[in-house]
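Coordinate inspection notes
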Amino acid sequence: GLLLRLPCKMGDTVWAIRNYKGVKHPQKGEVNSMFLTKDMRLLIVVKHVARGEWGKEVFATQEEAEKALKERNGEK
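This write-up is about the structure you can find in this document. (Residues numbered from 1 in each chain as written. Predicted model: local features only at pLDDT ≥ 70, side-chain atom pairs only at ≥ 80, totals over all residues. Heavy atoms only, no water.)

1. Details of the sheet that holds strand S5 (residues 58-59)
- An order of S4-S3-S2-S1-S5 is seen for the five strands of this open sheet, with the pairing classed as antiparallel. The open sheet terminates on both sides in strands that have one partner only, identified here as strand S4 (50-52) and S5.
- Relative to S4, strand S3 (residues 42-46) is paired through three bridges, and the arrangement is antiparallel. By the bridge assignment, Val46 is partnered in S4 with Ala50.
- Strands in contact with helix H1 (residues 62-72) are strand S1 (13-20), strand S2 (23-36) and S5; relative to S1, the strand with the most contacts, it is inclined by about 30 degrees. (Pairing = 2+ DSSP bridges. Helix = DSSP H or I, 4+ residues; strand = E, 2+ residues; numbered from the N terminus. Contact = heavy atoms within 4.5 Å. Axes fitted to C-alpha atoms, helices over the stretch in contact; angles between N-to-C directions.)

This is the structure in structure tokens:
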């Protein structure tokens, strides 16, 4: 079986929540690299945008990223 199923591939276009000068907003970018942390969390690096976990800071669509950002801000 597989050890780990990756949610995306290198070079895929994804959306990440970017924190620029204290303002968070979704931004489209390209998956540049992926790595496992010491505690076995998969971090995805979105070139020149952000890095984070799938479904927390990195998403497949703009809508998913915007929804997550609104939920963090307590909006519906």
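2. A short note on the pattern of salt bridges
- Following the criterion strictly, the structure yields three salt bridges and no others.
- Here Arg41 makes a salt bridge to Asp39, at a shortest N to O gap of 3.3 Å.
- Among the ionic contacts, a cluster of salt bridges with common partners joins Asp39, Arg41, Glu53 and Lys56. (Salt bridge = Lys/Arg side-chain N within 4 Å of Asp/Glu carboxyl O.)

3. Concerning the nonpolar core
- Counting ten residues, the largest nonpolar core consists of Cys8, Val14, Ala16, Val31, Leu42, Ile44, Val46, Val49, Ala50 and Val58.
- Looking at this core, the elements with two or more residues in it are S1 and S3.
- No other element matches the three residues that S3 contributes to this core.
- Those residues in contact with Ala50 that sit more than four places away from it in its chain are Ala16, Ile17, Ile44 and Val45.
- Of all hydrophobic cores here, the second largest spans six residues; its members include Ile17, Phe59, Ala65 and Ala68. (Core = buried A, V, L, I, M, F, W, Y, C linked by side-chain atoms within 4.5 Å. Buried < 20%, exposed > 50% of the residue type's maximum accessible area, 1.4 Å probe, protein only.)

4. Quick word on the side chain of Thr37
- Positionally, Thr37 belongs in the loop between S2 and S3.
- A polar atom in the side chain of Thr37 sits 2.2 Å from the side chain of Asp39. (Polar contact = N/O pair within 3.5 Å; in protein donor to acceptor, adjacent residues only side chain to side chain.)

Honestly, it's all geometry; don't read function into it.
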